[in-house]
Amino acid sequence: MVKVGNVIIEGDVALSPMAGISDSPYRQITKRFGSAFSYTEFVSTEQLKLGNAKSLDMFRFVEIERPIVFQIFGSDLETVVQASEIAAERKPDIIDLNMGCSVSKVSHNGSGAGLLKNIRLAGKMIEGIKKKTNLPVTAKIRLGWDSHSLNYLETVKVLEDSGVSAISVHGRTKVMAYTGFADWNAIGEIKAKANVPIYGNGDVQTYKEALEKKKQYGVDLVLIGRKAIGNPWIFGNTPKQMVPWFQIRSLILEHLDMMLDFYPSTDDYALILFRKHFIKYIENLGFPEDIKRNLLSVSSVNEFKEKLESVQMDSNILETSEINNESINCETFVSLV
Ligand SMILES: Cc1cc2nc3c(=O)[nH]c(=O)nc-3n(C[C@H](O)[C@H](O)[C@H](O)COP(=O)(O)O)c2cc1C
């Protein structure tokens, strides 16, 4: 159990925020499968202030997702604080400031990981959001901008002094983006010194590994990102290769229906959005390549469903090739709205 301000979070492992992935349908599914809480995709404070409907829509959620954390990013103090007030009208449990996004368009503009170069400003943002919204405010950081500026301990101190209620740490620098490995020793060092709950994050492959990391490094909770795409079973400690194909197929169809409901449109918008999930659901299952190609090109939902329903697979044989985790990163699906 973790206490974030006045919010109680039960559980050890949660879905990491991912642009293009952690929307309401997938948050509902992962919460049901055991994710401790829900984190929205990051949303631009500039766009929120401008009243951009698509940005506001990213804060749509249903009760089952609670505790729900709205994540925002920005570089201008006044804009961030004003936008947090707009966000708070939608009644999240917690607001999170993104200080970890490495995408150039975000971080070189002073927001996301760019805030690691200006931690006093980040501290003022935390203070301002808290005062304006009266909600617990958290932050998601990296270890520093690059290996020569590992300022994580100082960052944590400044954020704590500003009233932060918990901090998620992705154990890489901004310059590393998604290369190399997350430094869990650094995450452990933060946890040992911090006065607020710390969530560890980076490269966790299984639920079991998350629990091991929690124990070894003392963190309060572990966030899983890439390995949870197309794999909500990870939150229930069930290896995907143990799940029978008919159950995987049934979840694929349910997820698609949820997206069709959530993104109503007259064309194939939801189906196109769903493709990235679909690719990950069937990854390493020995799914027939020709049928996969075909399913990724159909634009009729009914045709997609019929074709998928006709696929029979005896068991889920994990291919021996490792999933290339580095091929997917936070730039993959990012749309800066
Ligand atoms: C496709 C994608 C989108 C991401 N979007 C966000 C985001 O919106 N906000 C955020 O804080 N981190 C974002 N991240 C970073 C993840 O939350 C996480 O910190 C990172 O992937 C490391 O964890 P992992 O090794 O378990 O994937 C994103 C990562 C990926 C792969």
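Residues numbered from 1 in each chain as written. Predicted model: local features only at pLDDT ≥ 70, side-chain atom pairs only at ≥ 80, totals over all residues.

## Observations concerning the overall build of the protein chain
At step 1: Looking only at helices and strands, one finds 13 helices and 10 strands in the protein chain.
At step 2: Projected onto its principal axes, the C-alpha coordinates of the protein chain cover approximately 60 × 45 × 35 Å.
At step 3: Evaluated residue by residue, the protein chain yields a buried proportion of 48% over its 337 residues.
At step 4: By sequence separation, contacts in the protein chain at least 24 residues apart represent 69% of the contacts at least 6 residues apart. (Helix = DSSP H or I, 4+ residues; strand = E, 2+ residues; numbered from the N terminus. Buried ≥ 20, exposed ≤ 12 C-beta atoms within 10 Å, placed from the backbone. Contact = placed C-beta atoms within 7 Å.)

## Brief notes about the sheet that holds strand S6 (residues 94–99)
At step 1: Overall, parallel pairing links the 8 strands, which are arranged S3-S10-S9-S8-S7-S6-S5-S4 in an open sheet. Whereas interior strands pair on both sides, the edge strands pair on one side only; in this sheet they are strand S3 (13–15) and strand S4 (38–44). Averaged over all neighbouring strand pairs, the angle between strand axes comes to 25°, with direction disregarded.
At step 2: Relative to strand S9 (residues 198–201), strand S8 (residues 166–170) runs parallel, the two being bridged by 4 bridges. Its bridge partner being in S9, His 170 is matched across the sheet by Asn 201.
At step 3: In this fold helix H4 (residues 77–88) packs onto strand S5 (68–73) and S6, with an angle of close to 150° to the strand it touches most, S5. (Pairing = 2+ DSSP bridges. Axes fitted to C-alpha atoms, helices over the stretch in contact; angles between N-to-C directions.)

## Some remarks on helix H8 (residues 184–193)
At step 1: For H8, the set of buried residues is Ala 186, Ile 187, Ile 190 and Lys 191. Looking down the long axis of H8, one finds its buried residues gathered within 145° of arc, a one-sided arrangement. Turned more than 90 degrees away from the buried face of H8 sit Asn 185 and Ala 192, all of them exposed.
At step 2: Against helix H7 (152–161), S8, S9 and helix H9 (207–217) lie the buried residues of H8. (Arc of directions from axis to C-beta.)

## Regarding helix H11 (residues 269–282)
At step 1: Along its 14 residues, H11 runs 21 Å from first to last C-alpha, staying within 8% of the 20 Å computed at 1.5 Å per residue.
At step 2: The sharpest bend along H11 comes to roughly 40°, located at Arg 275.
At step 3: Every buried residue of H11 is accounted for by Leu 271, Phe 274, His 277, Phe 278, Tyr 281 and Ile 282.
At step 4: Looking at the buried positions of H11, the neighbouring elements they touch are helix H10 (245–262), helix H12 (289–295) and helix H13 (301–309).
At step 5: Just downstream of H11, Asn 284 is the residue with a positive phi angle, here 65°. (Expected span 1.5 Å × (residues − 1). Bend = angle between axes of the 7 residues up to and from the residue.)

## With respect to the domain arrangement of the protein chain
At step 1: Partitioning the protein chain into domains gives domain 1 (2–236) and domain 2 (241–309).
At step 2: Put simply, the middle of domain 1 and the middle of domain 2, counted by C-alpha atoms, are 29 Å apart.
At step 3: Contacts between the two partners involve 9 residues from domain 1, matched on the other side by 10 residues from domain 2.
At step 4: Broken down by class, the residue content of the side of domain 1 that touches domain 2 amounts to 4 nonpolar, 5 polar and no charged. (Domains from an automatic or database assignment. Nonpolar A, V, L, I, M, F, W, Y, C, P; charged D, E, K, R; others polar.)

## Structural notes on the nonpolar core
At step 1: Ile 72 and Ile 167 are the most contacted members of the largest nonpolar core, which has 76 residues in total.
At step 2: Sequence-distant contacts of Ile 167, defined by excluding residues within four places in its chain, comprise Thr 138, Ala 139, Ile 141, Val 156, Leu 159, Ala 194, Val 196 and Ile 198.
At step 3: Ranked by size, the runner-up nonpolar core spans 11 residues in total, among them Ile 248, Ile 252, Leu 295 and Phe 304. (Core = buried A, V, L, I, M, F, W, Y, C linked by C-beta atoms within 7 Å.)

## Let's talk about the UniProt feature "domain: DUS-like FMN-binding" (unreviewed entry) in the protein chain
At step 1: UniProt's feature table lists "domain: DUS-like FMN-binding" (unreviewed entry) at residues 15–309, given in the numbering used throughout.
At step 2: From the first C-alpha to the last, residues 15–309 spans 28 Å; its make-up is 44% helix and 13% strand. (UniProt positions renumbered as here; feature names shortened; annotations may be inferred.)

## Observations regarding the pairing of S5
At step 1: For S5, the tally of buried residues reaches 6 of 6 residues, placing the bulk of the element in the interior.
At step 2: Burial along S5 is two-sided: Ile 68, Phe 70 and Ile 72 and Val 69, Gln 71 and Phe 73, pointing in opposite directions, are all buried.
At step 3: Taken together, S5, H4 and S6 form a β-α-β motif whose crossover is right-handed. (Right-handed = clockwise from strand over helix to strand, strands pointing away.)

## A closer look at the environment of Ala 228
At step 1: The topology assignment puts Ala 228 in the loop between strand S10 (221–224) and H10.
At step 2: Placed 207 residues apart in sequence, Ala 228 and Ile 21 show a C-alpha to C-alpha distance of 9.8 Å.
At step 3: Aside from chain neighbours lying at most four places away, what touches Ala 228 is Leu 15, Thr 30 and Ile 234.

## Remarks on unusual backbone geometry
At step 1: Here the bond from Arg 66 into Pro 67 is cis, since omega is -5°, no more than 30 degrees from zero.
At step 2: Here Pro 67 shows up in the loop between helix H3 (53–57) and S5.
At step 3: Notably, Lys 91 is not glycine yet its phi reads approximately 60°, a positive angle.
At step 4: Position of Lys 91 relative to the elements: it lies in the loop between H4 and S6.

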